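A structural walkthrough
Letter by letter, the chains look like this.
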Amino acid sequence: MIADYIVYFSTLLREEQYEHLFIIFIFLFVLIGVCFLLGFLKLKFMDESKNTTFQRFLKKI
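Here's a quick rundown of the structure.

Thresholds, definitions, all that
Residues numbered from 1 in each chain as written. Predicted model: local features only at pLDDT ≥ 70, side-chain atom pairs only at ≥ 80, totals over all residues. Heavy atoms only, no water. Helix = DSSP H or I, 4+ residues; strand = E, 2+ residues; numbered from the N terminus. Buried < 20%, exposed > 50% of the residue type's maximum accessible area, 1.4 Å probe, protein only. Contact = heavy atoms within 4.5 Å. Axes fitted to C-alpha atoms, helices over the stretch in contact; angles between N-to-C directions. Parallel < 35°, antiparallel > 145°, perpendicular 65-115°, else oblique. Nonpolar A, V, L, I, M, F, W, Y, C, P; charged D, E, K, R; others polar. Patch = residues over 30% accessible without salt bridge, like charges linked within 9 Å, V, L, I, M, F, W, Y side chains within 5 Å. Areas by Shrake-Rupley, 256 points an atom, 1.4 Å probe, with all protein chains shown as cover. Salt bridge = Lys/Arg side-chain N within 4 Å of Asp/Glu carboxyl O.

1. Describing the overall build of the protein chain
Along the backbone of the protein chain there are three helices and zero strands. For the protein chain, the α and β elements follow one another from N to C terminus as α-α-α. The principal-axis extents of the C-alpha atoms in the protein chain amount to approximately 55 × 20 × 15 Å. Out of the 61 residues in the protein chain, the part that is buried amounts to 8%.

This is the structure we're talking about:
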């Protein structure tokens, strides 16, 4: 699948390649941002003495 995309990507015009790269970088940036946000929430709100649904969700992260 990745090889197919690389072949498709190489056939695009230069401007379209830049658009595709921009979309990929935005997706990765948002994905990394969500990961950092979940990590921050886990560090800030983790309390071992509570057993709420939110605390159980944080333990699974």
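2. Some thoughts on the side chain of glutamine 17
Tracing the backbone through its elements, the reader meets glutamine 17 in helix H2 (residues 14-45). Judged by relative accessible area, glutamine 17 falls into the buried class, the value being 11%. Setting aside its immediate chain neighbours within four residues, glutamine 17 contacts Phe9, Ser10 and Leu12.

3. As for the environment of isoleucine 32
Relative to the helices and strands, isoleucine 32 resides in helix H2. With 27 residues separating them in the primary sequence, isoleucine 32 and lysine 59 have C-alpha atoms 20 Å apart.

4. Points about the packing of helix H1 (residues 2-11) against H2
The angle between the axes and the distance between the axes are what describe a pair of packed helices. Running from N to C, H1 and H2 point in directions that differ by 135°, and their axes come no closer than 9 Å. Regarding the angle of H1 to H2, the classification is oblique. Between H1 and H2, the residues in contact are Tyr5, Tyr8, Phe9 and Ser10 and Gln17, His20, Leu21 and Ile24, respectively. Here the residues of the contact of H1 with H2 are counted per class, giving five nonpolar, three polar and no charged.

5. Topic: a nonpolar patch on the surface
Taken together, Tyr5, Tyr8, Tyr18, Leu21, Ile24, Phe25, Phe27, Leu28 and Leu31 make up a surface patch of nonpolar side chains, about 890 Å² in accessible area. Broken down by secondary-structure element, the contributors of at least two residues to the nonpolar patch are H1 and H2. Broken down by element, the residue count for the nonpolar patch peaks at seven residues, all from H2. For leucine 31, the position within the fold is in helix H2. Judged by its relative accessible area of 43%, leucine 31 is partly exposed.

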